[in-house]
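Observations on the model geometry
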Amino acid sequence: MKKIWSIFIFTTLALILAACGSSEEEGSSEDGEAQSEITVGASSTPHAEILQEAQPLLEEEGITLNVEEYQDYVLPNRDLNEGEIDANYFQHIPYLEDQQEQNGYDFANLGGIHIEPMGIYSKDFESLDDVQDGTTVLMSNSTADHGRILSLMEEEGLITLDEDVEKVEATIEDIAENPKNLEFDAGIDAALLPENYEREDNVLVAINTNYAIEAGLNPSEDALILEGSDSPYVNVIAAQSEDEGNEALNTLVDVLRSDEIQSFIEEEYEGAVVPVDE
């Protein structure tokens, strides 16, 4: 009988331990519900800040969100392609399409979250009337932004683009008229543009809003030219195409489009970041 009783106790303990191990592997929450875990790569400002605001809302949906911060525009797509992260949130649609074409990435746009209006700044010129003949315009080396910047300048009468070119695809070579003889330097890393803004005298600098905010600039107050909210350059959640139907990632998009997060974006960034829901 002692032998039988010992076998029974041993078997029962083994079953209990096995059940505990299974629960940990599935990532169960305290109330017993299974947790999903996703890792999203993002630019520090504003993308990572927005994701951090969304973390408790996602926890309520049974999703643990890990945020991987990046300081450049190359590695988030590379890491997504290699499976190091589940999705990224840093780029607008034209850049995503350009990167897919250049690098052969197979990504899906899961949905747009916000627009960061592009701004053109100068620490020396107080208005466009002060822009001198031969002024240099500093732009990033991201060709996907060139048409965006040139279109802004055309709207303000600084240049005229060839009427046959699509505005989104315009390059410096497509400038038809340049009455102020502006010179264009489009070989600068986007993250370094605020530094150039501070260092260079009598220049115009086109700065992406995330880097402008990090540098302490207020786009709505400091930019000489600021893009409108009807911009086609919507920042999106991107994932590998095979994950287009991933429930956790699609819930992330829904949460980022929720009233709570959209209100946070509006209040936190005061117009420098504009939420979208499509």
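What counts, and at which threshold
Residues numbered from 1 in each chain as written. Predicted model: local features only at pLDDT ≥ 70, side-chain atom pairs only at ≥ 80, totals over all residues. Heavy atoms only, no water. Buried < 20%, exposed > 50% of the residue type's maximum accessible area, 1.4 Å probe, protein only. Helix = DSSP H or I, 4+ residues; strand = E, 2+ residues; numbered from the N terminus. Pairing = 2+ DSSP bridges. Salt bridge = Lys/Arg side-chain N within 4 Å of Asp/Glu carboxyl O. Core = buried A, V, L, I, M, F, W, Y, C linked by side-chain atoms within 4.5 Å. Patch = residues over 30% accessible without salt bridge, like charges linked within 9 Å, V, L, I, M, F, W, Y side chains within 5 Å. Areas by Shrake-Rupley, 256 points an atom, 1.4 Å probe, with all protein chains shown as cover. Lys, Arg positive; Asp, Glu negative; His and termini not counted. Charge placed at Lys NZ, Arg CZ, Asp CG, Glu CD. Contact = heavy atoms within 4.5 Å. Expected span 1.5 Å × (residues − 1). Bend = angle between axes of the 7 residues up to and from the residue. Phe/Tyr/Trp six-rings, centres within 6.5 Å; stacked < 30°, edge-to-face > 60°. Right-handed = clockwise from strand over helix to strand, strands pointing away.

Take helix α4 (residues 93–103) next. Within α4 the residues assigned to the buried category are Pro94, Tyr95, Leu96, Asp98 and Gln99. Two residues or fewer past α4, Gly104 is found with a positive phi of approximately 75°.

Moving on: the pairing of strand β3 (residues 87–92). The two faces of a sheet get side chains in turn, since along a regular strand they alternate between them. With 6 of 6 residues buried, β3 is to be regarded as a mostly interior element. Relative to β3, strand β1 (residues 36–43) runs parallel, the two sharing 3 bridges. When the sheet's bridge partners are listed, Val40 is paired in β3 with Ala87. Where β3 and strand β12 (residues 234–240) come together, 4 bridges link them in antiparallel fashion. When the sheet's bridge partners are listed, His92 is paired in β12 with Asn235.

Scanning the model with the defined rule gives 7 salt bridges in all. With a shortest N-O distance of 3.6 Å, Glu200 and Arg199 are connected by a salt bridge. Here Glu200 falls in the partly exposed class, since its relative accessible area comes to 30%. When salt bridges with common partners are traced through the structure, they connect Lys123, Asp124 and Asp201 into a single cluster.

Moving on, we come to the nonpolar core. In this structure, Ile237, Leu252 and Leu256 are the most contacted members of the largest nonpolar core, which totals 30 residues. Those elements that place two or more of their residues in this core are β1, α2 (44–60), β2 (63–70), β3, β4 (107–115), β12, α9 (247–256) and α10 (259–269). Formed by 22 residues, the second largest nonpolar core is a distinct cluster that contains Phe125, Leu161, Ala170 and Ile175.

The next subject is a negative patch on the surface. On the surface, a cluster of negative charge is made up of Glu53, Glu221, Asp222, Glu266, Glu267, Glu268 and Glu270. Broken down by secondary-structure element, the contributors of at least two residues to the negative patch are α8 (219–222) and α10. Broken down by element, the residue count for the negative patch peaks at 3 residues, all from α10.

If you trace the 5 strands from one edge of the open sheet to the other, you get β9-β6-β10-β5-β11, paired in mixed fashion. Edge positions in the sheet fall to β9 (183–188) and β11 (225–226), since each of these pairs with one other strand and no more.

To continue, consider the environment of Leu217. Within the secondary structure layout, Leu217 lies in the loop between α7 (209–214) and α8. Taking the C-alpha atoms as reference, Leu217 lies 10.0 Å from Ile207; in sequence the two are 10 residues apart. The residues contacting Leu217, other than those within four sequence positions of it, are Tyr121, Tyr197, Ile207, Ala212 and Asp222.

Another aspect to go through is α2. The end-to-end C-alpha distance of α2 is 24 Å, a good match for the 24 Å that 17 residues give at a rise of 1.5 Å each. Within α2, the axis deviates most sharply at Ala54, by approximately 35°, and proline Pro56 lies no more than four positions further along. Ser44, Thr45, Pro46, His47, Ala48, Ile50, Leu51, Ala54, Leu57 and Leu58 are the residues of α2 that are buried. Gly62 sits one or two residues past α2 and shows a positive phi near 80°.

For the coordinates displayed, the defined rule picks out 7 aromatic pairs. Summarising the aromatic geometry, the rings of Tyr73 and Tyr211 are spaced 5.4 Å apart at their centres and angled 35° between planes, so their arrangement reads as tilted. In this pair, Tyr73 sits in the loop between β2 and α3 (75–81) while Tyr211 sits in helix α7, placing the two residues 138 residues apart along the sequence. Residue Tyr73 is classed as buried on the basis of its relative accessible area of 13%. On the basis of relative accessible area, Tyr211 is assigned to the buried category, the value being 5%. Through pairs of rings, three or more aromatic residues link up here, namely Tyr73, Phe90, Tyr95 and Tyr211.

The residue Thr45 is located in helix α2 in this model. Classification of Thr45 by relative accessible area gives buried; the value is 8%. What Thr45 contacts, discounting residues up to four positions off in sequence, is Asn210, Ile213 and Glu214.

Before going further, it helps to spend a moment on the pairing of β1. Burial runs high along β1: 6 of the 8 residues are buried. Across 8 bridges, the pairing between β1 and β2 is parallel. The residue bridging Glu37 from the neighbouring strand is Thr64, located in β2. In terms of handedness, the path from β1 via α2 over to β2 forms a crossover that is right-handed.

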